[in-house]
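Spelled out, the chains give:
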Amino acid sequence: MRGARGRGLGLIPWPLSNDIRSVNPISTLCFSCKFISTVPKKFTMCSISRFLLPLLSLLTMLSSHILQTCKGDASYENITALMNRLLGPTSGYNPNLRPRNFQYDTVIVEVAFSMVSLEEIDDVKKSFATNGFLLMEWKDEKLGWDEEDYGGMHYITPNLEDIWRPQLVLMNTLGDRDVFKEENFPFIVYSDGYIKWMAGGIIKASCGLDMTKYPFDKQKCSMLFCPTSHAIEFMTLEVKYSSFDFTFYVSNEAWDLTHTQVKTSRYTSMDTAEVFSCVELIIEVKRRSSYFILNLICPVLMLSFLNNFVFLMPDESGEKIGYGITVLLSLSVFLTTVSTMIPRASDNIPAVTIYLFVLLSTSVLSVLASIATVHLHHSQEDGTDRPQPQDKSNNNQQDNKLFRPRLANGTVEPMKNPTKVDQADTFSNQVIDFRRDVSDNGPSLQAHIYKMTIRHVNKICFFMSMFCWVVTHVTFILYVIT
């Protein structure tokens, strides 16, 4: 014991060993506790250093033993031997055959999808592109081993062409149907024979877009994967997770992802009438409409609102028709901008197109009404010089005297019924006076009548235009938000 104290702090000699794995972790931990309990209460710097060094050595040995137990001691030779036994020339493995000892047994492939990003949705081409990984898992009965025979090796990663894999094609693709034919992601083969393969990339597919409520629309797109050569009795696709995995998902700037689904479906061949098991990946998105509201809807709303006030401008200003044509051209520009954003051969006409067309038609009618009112205003100025009616009252009196019979003394015989004659003369004189007033004040009276007529026409057109504007916008808003 004396000699032992000379090597340390007077404790039991340190149980070192050349082979770390030969150390029992339980006994090592008990020894550490006993070692710490025998440490003196008073330390010097030298004694502290002598205490910490053995303790660190104990912890290092314990952690090394745990890591070696978890990892095993598989060497390069072990893995090489395992690969040669499973996939070597003498293994008898054929990657062109289904991995079943009895070829009539069904291979069940579990499918999941991990989405990275929604690249784009093309409204004009009716297509969309996603970036993600299709995870497939199945069991290969020809691949399996005992981990203890190969140093505890749990899995291997062979090349893509060395083992059998399910051949899936994208049915609604816009390019090559075998989207994973050049996939470089390796397989992960576990010791129990299960294989995992995560194939991915940018997948482009067609999508039937409903643009009726553009730009407040919601779209539903899907990707349909089906096998090429194995019917449902030989290979069946099953869903591992009913929704997408969003661990690495990056949101899109123009679309919000609202719902995802993974489901199985069946496809019947028209030639052979065979039924194939397929998997369908469904994506539901909603367009972010803030950009379109600020850059399209609000400017059109304000321009169309200003179009109503063309009827409040005075006709003699000379800018009334020019104002209406300016608003008309502005709405035409916005209609052209929208036409480049939506499909040219859409099954359903977008509501925003009808909305802009109605506003454009209203603007055209406003310009025509303005032209009519301006024409009425200037037409009353052209007819100021009119022939004056003659005053025939004196002539009538003279004519009456000429045709009356004369008496013997040469005087004119008085009228038999002077009351009636006087009444007739009075009425005719009133008519003549009215005509004289009209002839004297004709231009000013006609101008007043024209001005009053034009003023009432402008008021009626203004209220009708405002009514059409309110009805159009309320109808459009209620339709797109419901």
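Overview of the structure. Every value quoted in this text rests on a predicted model; they were computed, and no experiment measured them.

Each helix and strand in the protein chain was counted, giving 10 helices and 10 strands. Taking all 482 residues of the protein chain together, the buried fraction comes to 34%. For the protein chain, long-range pairs separated by at least 24 residues make up 73% of all intrachain contacts whose partners lie at least 6 apart in sequence. Accessible surface for the protein chain amounts to roughly 29,700 Å². Of this, 59% is attributable to carbon and sulfur atoms.

Here we have four strands laid out as an open sheet, ordered 4-7-10-9, and antiparallel in their pairing. Looking along the sheet, the strands with just one partner apiece sit at the ends: strand 4 (168-170) and strand 9 (255-268). The average angle at which neighbouring strand axes cross in this sheet is 25°, direction not considered. As judged from the eight bridges shared by strand 7 (residues 218-227) and strand 10 (residues 275-287), these two strands associate in the antiparallel manner. If you follow Met223 over to strand 10, its bridge partner there is Leu281.

In protein chemistry, a disulfide is the covalent bond that joins the sulfur atoms of two cysteines. Counting across every chain of the model gives two disulfides. Cys207 shares a disulfide with Cys221; S-S distance 2.0 Å. What sets the handedness of the Cys207 and Cys221 disulfide is the S-S torsion sign, and at about -85° it is left-handed. Of this pair, Cys207 sits in the loop between strand 6 (194-206) and strand 7 while Cys221 sits in strand 7, and the two are 14 residues apart along the sequence. A single burial state applies to Cys207 and to Cys221, both of which are buried.

Here we take up the sheet that holds strand 1 (residues 107-122). Through backbone hydrogen bonds, the strands of a sheet pair up, either in parallel or in antiparallel fashion. Strand order in the open sheet formed by six strands is 3-5-6-2-1-8, with mixed pairing between adjacent strands. Strand pairing shows two members of the sheet lacking a second neighbour, strand 3 (155-156) and strand 8 (235-239), which therefore form its edges. Bridge analysis of strand 5 (residues 188-190) against strand 6 gives two bridges, and the strand direction is antiparallel. In the sheet register, Ile188 faces strand 6, and the bridge partner there is Lys196.

Within this structure, the stated rule accounts for one cavity of 30 Å³ or more. Of the volumes computed, that of the largest cavity is approximately 50 Å³. What lines the largest cavity is Ser304, Asn307, Asn308, Leu359, Thr362, Ser465, Cys468, Trp469 and Thr472. Residue assignment for the lining of the largest cavity shows that the elements contributing at least two residues are helix 5 (290-307), helix 7 (351-379) and helix 10 (442-481). Among the elements that take part in the lining of the largest cavity, helix 10 stands out by supplying four residues, more than any other. Its residues assigned to classes, the lining of the largest cavity shows three nonpolar, six polar and no charged.

Let us now look at the packing of aromatic side chains. Inspection of the entire model under this criterion finds 15 aromatic pairs. Between the aromatic rings of Trp138 and Phe187, the centroid separation amounts to 6.0 Å while the plane-to-plane angle is 85°, which identifies the pairing as edge-to-face. Taken together, the positions of Trp138 in strand 2 (residues 127-139) and Phe187 in the loop between strand 4 and strand 5 put the pair 49 residues apart, joining distant regions of the chain. For the residue pair Trp138 and Phe187, the accessibility class agrees, reading buried in each case. Taken together, a centroid distance of 5.4 Å and an interplanar angle of 85° make the contact between Phe246 and Tyr249 edge-to-face. Members of the aromatic cluster, connected to one another through ring pairs, are Phe305, Phe309, Phe462, Phe463 and Trp469.

To continue, consider the packing of helix 5 against helix 6 (residues 320-339). As a packed pair, helix 5 and helix 6 sit with axes 10 Å apart at the nearest point and diverge in direction by 160°. The pairing of helix 5 with helix 6 is recorded here as roughly antiparallel in orientation. Judged by the twist between their axes, the crossing of helix 5 over helix 6 is left-handed. From helix 5, Asn295, Leu296, Pro299, Val300, Leu303, Leu306 and Asn307 reach across to helix 6, where they touch Tyr323, Gly324, Val327, Ser330, Leu331, Phe334 and Val338.

As a rule of thumb, non-glycine residues mostly have phi less than zero, and peptide bonds are mostly trans rather than cis. Residue Pro215 follows Tyr214 across a cis peptide bond; omega there is 5°. With respect to the secondary-structure elements, Pro215 resides in the loop between strand 6 and strand 7.

With that settled, consider the nonpolar core. If you look at the biggest cluster of nonpolar residues, it comprises 65 residues, and the most contacted ones within it are Phe128, Trp138, Met223, Leu281 and Val352. The element that contributes the greatest number of residues to this core is strand 1, accounting for seven residues. Ignoring any residue separated from it by four or fewer positions in sequence, one finds Trp138 in contact with Pro99, Val107, Ile108, Val109, Trp164, Arg165, Pro166, Phe187, Gly193, Tyr194, Ile195 and Trp197. The next biggest cluster of nonpolar side chains, apart from the first, holds five residues, and it includes Phe311, Ala369, Cys461 and Phe462.

Two side chains of opposite charge can pair, provided their charged atoms sit close to one another. Enumeration over the complete set of coordinates arrives at five salt bridges. Asp123 is the partner of Arg287 in a salt bridge, and the nearest nitrogen-oxygen pair spans 3.1 Å. With Arg287 in strand 10 and Asp123 in the loop between strand 1 and strand 2, the pair connects residues that are 164 residues apart, well separated along the chain. Just as Arg287 is buried, Asp123 falls in that class too. Notably, a salt bridge pairs Arg287 with Asp217, separated by 2.7 Å at the nearest N-O pair. One end of the pair, Arg287, is in strand 10; the other, Asp217, is in the loop between strand 6 and strand 7, and 70 residues separate them in sequence. For the pair Arg287 and Asp217, one class covers both residues: buried.

What counts and what doesn't
Along each chain, residues carry numbers from 1 onward, in the same order as the chain's sequence is written. pLDDT decides what is reported in this predicted model: residues at 70 or higher carry local features, side-chain atom pairs at 80 or more are listed and counted, and totals for whole chains, interfaces and linings draw on all residues regardless. Hydrogens are left out, water is left out, and the side-chain values use all remaining heavy atoms of the structure. Runs of H or I in DSSP of at least four residues are treated as helices and runs of E of at least two as strands, each being numbered from the N terminus. Note on classification: 1.4 Å probe, protein chains only; a residue is buried when its accessible area is under 20% of the maximum for its type, exposed when over 50%, partly exposed between these limits. Note on contacts: a residue pair qualifies if any of its non-hydrogen atoms lie within 4.5 Å across the two residues. For the accessible areas, the method is Shrake-Rupley and the probe is 1.4 Å, while residue cover comes only from the protein chains on display. Here, any two strands with at least 2 DSSP bridges between them count as paired. Here an angle of 0 to 180 degrees is reported between the N-to-C directions of two axes, which are lines fitted to C-alpha atoms, with helices fitted over the stretch in contact. Disulfides are defined in this document as cysteine sulfur pairs within 2.5 Å. A pocket, in this scheme, is an open set of points on a 1 Å grid over the protein atoms alone with protein on both sides within 12 Å along at least 5 of 7 lines, while a cavity is a set where a 1.4 Å probe fits but cannot get out; residues line either one if an atom lies within 4 Å of a point. Grid points are joined across faces, edges and corners, and a volume is the space filled by probe spheres set on the points. Polarity classes work like this: nonpolar for Ala, Val, Leu, Ile, Met, Phe, Trp, Tyr, Cys and Pro, charged for Asp, Glu, Lys and Arg, and polar for all others, with Gly in that last group. Two rings from Phe, Tyr or Trp (for Trp, the six-membered ring) form a pair when their centres sit within 6.5 Å of each other. Planes less than 30 degrees apart are called stacked, planes more than 60 degrees apart edge-to-face, and all others tilted. Any angle between 65 and 115 degrees counts as roughly perpendicular, while under 35 counts as roughly parallel, over 145 as roughly antiparallel, and the rest as oblique. For a crossing to be left-handed, the near helix must be turned anticlockwise from the far one by less than a right angle; the clockwise case is right-handed. Take the buried residues of types Ala, Val, Leu, Ile, Met, Phe, Trp, Tyr and Cys, join any two whose side-chain atoms come within 4.5 Å, and each joined set is a nonpolar core. When a carboxyl oxygen of Asp or Glu is within 4 Å of a side-chain nitrogen of Lys or Arg, the pair counts as a salt bridge.

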